Number of protein chains: 2
Amino acid sequence: MQTYKANIKILPLKELLDPQGKAVANNIGSLGITGVQDVRIGKFIELYLTAESKAAAESEVEKACKELLANQIMENYEYEIEEFQAD
Amino acid sequence: MQTYKANIKILPLKELLDPQGKAVANNIGSLGITGVQDVRIGKFIELYLTAESKAAAESEVEKACKELLANQIMENYEYEIEEFQAD
């Protein structure tokens, strides 16, 4: 068995307003940070799992995204899977 | 002026317990998702900004992370900046 690390990115769908992101974008100027046009805020998840193969790991990660981590009505997800060696 | 897109990843420090991640890791098995060892949950932020140069954009993004987006007591951040062309 090999350990894999999945880097999962979950972001609000482009069609939807992202109120948290909009609030940051509208107020970041008052901190002296200039030029910001838009901000979108989502989740980043590192998931460590053991599996027989990268394909098997991918199938578990896909299931985790679909059934648990992302709300597909409001969010989309993408991920990359890499082999992981503990230090 | 050029538009840049910063992809910002903010994660709880490795030294800290991540209760949200632990809760997911401990319960994901009940969904039939096997092999998960650990989960860490953070934020992913897409920040679009205009700046004179990539270096200038980087300095604004660094300031945004430090002063607003990340809580450096509990989180660390990393980012990549790319040129962005609107469709």
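Look up: the structure comes first, before these words.
Quick notes on the rules
- Residues numbered from 1 in each chain as written.
- Chains lettered and ligands numbered in written order.
- Predicted model: local features only at pLDDT ≥ 70, side-chain atom pairs only at ≥ 80, totals over all residues.
- Heavy atoms only, no water.
- 1 Å grid on protein atoms, 1.4 Å probe; cavity = no way out; pocket = protein on both sides within 12 Å on 5 of 7 lines; lining within 4 Å.
- Points joined across faces, edges and corners; volume = space filled by probe spheres on them.
- Helix = DSSP H or I, 4+ residues; strand = E, 2+ residues; numbered from the N terminus.
- Nonpolar A, V, L, I, M, F, W, Y, C, P; charged D, E, K, R; others polar.
- Buried < 20%, exposed > 50% of the residue type's maximum accessible area, 1.4 Å probe, protein only.
- Least-squares fit on C-alpha atoms with pLDDT ≥ 70 in both.
- Contact = heavy atoms within 4.5 Å.
- Buried area = accessible area lost by both parts, 1.4 Å probe.
- Salt bridge = Lys/Arg side-chain N within 4 Å of Asp/Glu carboxyl O.
- Polar contact = N/O pair within 3.5 Å; in protein donor to acceptor, adjacent residues only side chain to side chain.

Asks: Quick one: what's the story with the layout of surface pockets, residue by residue and with numbers?
Replies: Empty space within the largest pocket amounts to approximately 340 Å³. Lining the largest pocket are 13 residues, with Lys-9, Phe-44 and Glu-80 of chain A together with Lys-9 and Phe-44 of chain B sitting closest to its centre. Mapped onto the lining of the largest pocket, the elements with two or more residues apiece are strand S1 (2-12) and strand S3 (75-83) of chain A together with strand S1 (2-12) and strand S3 (75-83) of chain B. Of the residues belonging to the lining of the largest pocket, the class tally is 4 nonpolar, 2 polar and 7 charged.

Asks: Report on the environment of Asn-76 of chain A, specifying residues and quantitative values.
Replies: Residue and element names in this part refer to chain A. Tracing the backbone through its elements, the reader meets Asn-76 in strand S3. By relative accessible area, Asn-76 is classed as partly exposed at 39%. For Asn-76 and Ser-59, which are 17 residues apart along the polypeptide, the C-alpha to C-alpha distance reads 17 Å.

Asks: Quick rundown of the relation of the copies chain A and chain B? Include the residues and the values.
Replies: The operation relating chain A to chain B is a screw motion whose rotation component is 180°, with 0.0 Å of axial translation and a residual RMSD of 0.0 Å. Expressed as a symmetry operation, the mapping of one chain copy onto the other fits a two-fold axis. Every residue of chain A has its C-alpha some distance from the rotation axis, and the shortest such distance is that of Lys-43 of chain A, at 2.1 Å. A symmetric contact is evident, with 100% of the interface residues of chain A recurring at the interface of chain B.

Asks: Any chance you could break down the interface of chain A and chain B for me, citing the residues and the numbers?
Replies: Taken together, the contacts link 30 residues of chain A with 30 residues of chain B. Summed over both sides, the interface of chain A with chain B buries roughly 2800 Å², with 62% coming from carbon and sulfur. When the buried surface of chain A facing chain B is broken down by residue, Phe-44, Glu-46 and Tyr-48 of chain A rank first, second and third, together holding 20% of it. For the interface between chain A and chain B, the tally reads 0 salt bridges. Taken together, chain A and chain B are joined by 16 residue pairs in polar contact (both at pLDDT 80 or more). At the level of secondary structure, the elements contributing two or more residues to the side of chain A that touches chain B comprise S1, strand S2 (36-51) and helix H2 (54-69) of chain A. The residue makeup of the side of chain A that touches chain B, split by class, is 16 nonpolar, 6 polar and 8 charged.

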